[in-house]
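# Breakdown of the fold
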Amino acid sequence: MAYPPRRRPVHRSPTSGPVRGVPLTQGRNASAHGRGDQAGIDIIKPAIEYTSEEWDRILTVNLRGAFQPAQAAARHWIAEGGGGSVTMTSSIAGAAGIPTLAPYAASKGGVNQLVRTLAAEWAAHRIRVNTVAPGYVANIMDSVTAHDTPASDQRINSFAPLGRRATVEEIAAPYASLASPAAADVTGTILAVDGGYTAK
């Protein structure tokens with residue numbers, strides 16, 4: 001996914017890998033800016049086969065990894081007088097039942113509700129909180145091999161009314177939009193960018 005060149009430091013939790021918070025916009029002062037939080041891992045297999053360790057790792061990275069950078073940013077912005085924008089990353093799996101994604105789906109459903117809760121709580125500080133919920137994208141998550149064959153790709157393309165996967169550029173654009181002044185009255189929103197998958 002393409003981002004502007006300036007990056008925030010990498011945030012690490014005690015039990016997960018790096019969670020990157022990427023500035024999307026910079027306002028006229030340091031207290032009015034936006035960040036996009038990208039955290040996501042997955043293991044695709046039947047629900048009865050997940051171990052407790054796999055469940056905990058996915059929830060830690062995907063859900064705690066979304067909350068902690070947002071919390072750190074909000075603390076800073078509130079201390080400076082408020083104002084800011086957080087855009088998290090959810091998934092169609094947070095709104096639709098997709099087999100073999102139990103912990104991932106739970107984590108992304110959690111992100112959706114986290115966004116609504118933080119939006120309501122931080123609105124008084126002029127901090128907006130939203131999330132982009134992508135569908136199937138042209139890049140495949142590292143270590144996930146279940147959907148990288150031509151036959152699987154054709155099947156996946158048939159899921160969305162638009163009949164294709166999104167490009168990374170098409171997924172990136174809504175993050176910039178949600179962090180921009182044009183979205184100044186948008187908060188608590190789960191923006192589906194899924195080719196119509198969740199419209200069916």
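Everything below is about the structure shown above.
Residues numbered from 1 in each chain as written. Predicted model: local features only at pLDDT ≥ 70, side-chain atom pairs only at ≥ 80, totals over all residues. Heavy atoms only, no water.

### A short note on the overall build of the protein
Helices and strands together make up the secondary structure of the protein, namely four helices and six strands. What you see in the protein, going N to C, is helices and strands ordered as β-β-β-α-β-α-β-α-α-β. Going through the 200 residues of the protein one by one, you find that 43% of them count as buried. Taking contacts inside the protein between residues at least 6 apart in sequence as the whole, the part at least 24 apart equals 67%. For the protein, the computed accessible surface area is about 10200 Å², with 56% contributed by carbon and sulfur atoms. (Helix = DSSP H or I, 4+ residues; strand = E, 2+ residues; numbered from the N terminus. Buried < 20%, exposed > 50% of the residue type's maximum accessible area, 1.4 Å probe, protein only. Contact = heavy atoms within 4.5 Å. Areas by Shrake-Rupley, 256 points an atom, 1.4 Å probe, with all protein chains shown as cover.)

### Considering helix α3 (residues 150–157)
Of the residues making up α3, those classed as buried are Ser152, Ile156 and Asn157. Each buried residue of α3 sits inside an arc of 135 degrees when the element is viewed along its axis, so together they form one side. Those residues of α3 that are exposed and aimed more than 90 degrees away from the buried face are Pro150, Ala151 and Gln154. (Arc of directions from axis to C-beta.)

### Structural notes on the pattern of salt bridges
This model, assessed by the stated rule, comprises two salt bridges. Among the salt bridges present, the one from Glu54 reaches Lys45, with a minimum N-O distance of 2.8 Å. The partner of Arg164 in a salt bridge is Glu170, with the nearest N and O atoms 2.9 Å apart. (Salt bridge = Lys/Arg side-chain N within 4 Å of Asp/Glu carboxyl O.)

### Focus on the packing of aromatic side chains
Overall, the coordinates contain three aromatic pairs when judged by the stated rule. A network of ring pairs unites the aromatic residues Tyr136, Phe159 and Tyr197 as a single cluster. (Phe/Tyr/Trp six-rings, centres within 6.5 Å; stacked < 30°, edge-to-face > 60°.)

### Quick look at unusual backbone geometry
A positive phi angle, near 70 degrees, is found at Thr100, a position not held by glycine. Looking at where Thr100 falls in the secondary structure, it is placed in the loop between β4 (84–89) and α2 (102–122). A positive phi angle, close to 60 degrees, is found at Arg126, a residue other than glycine.

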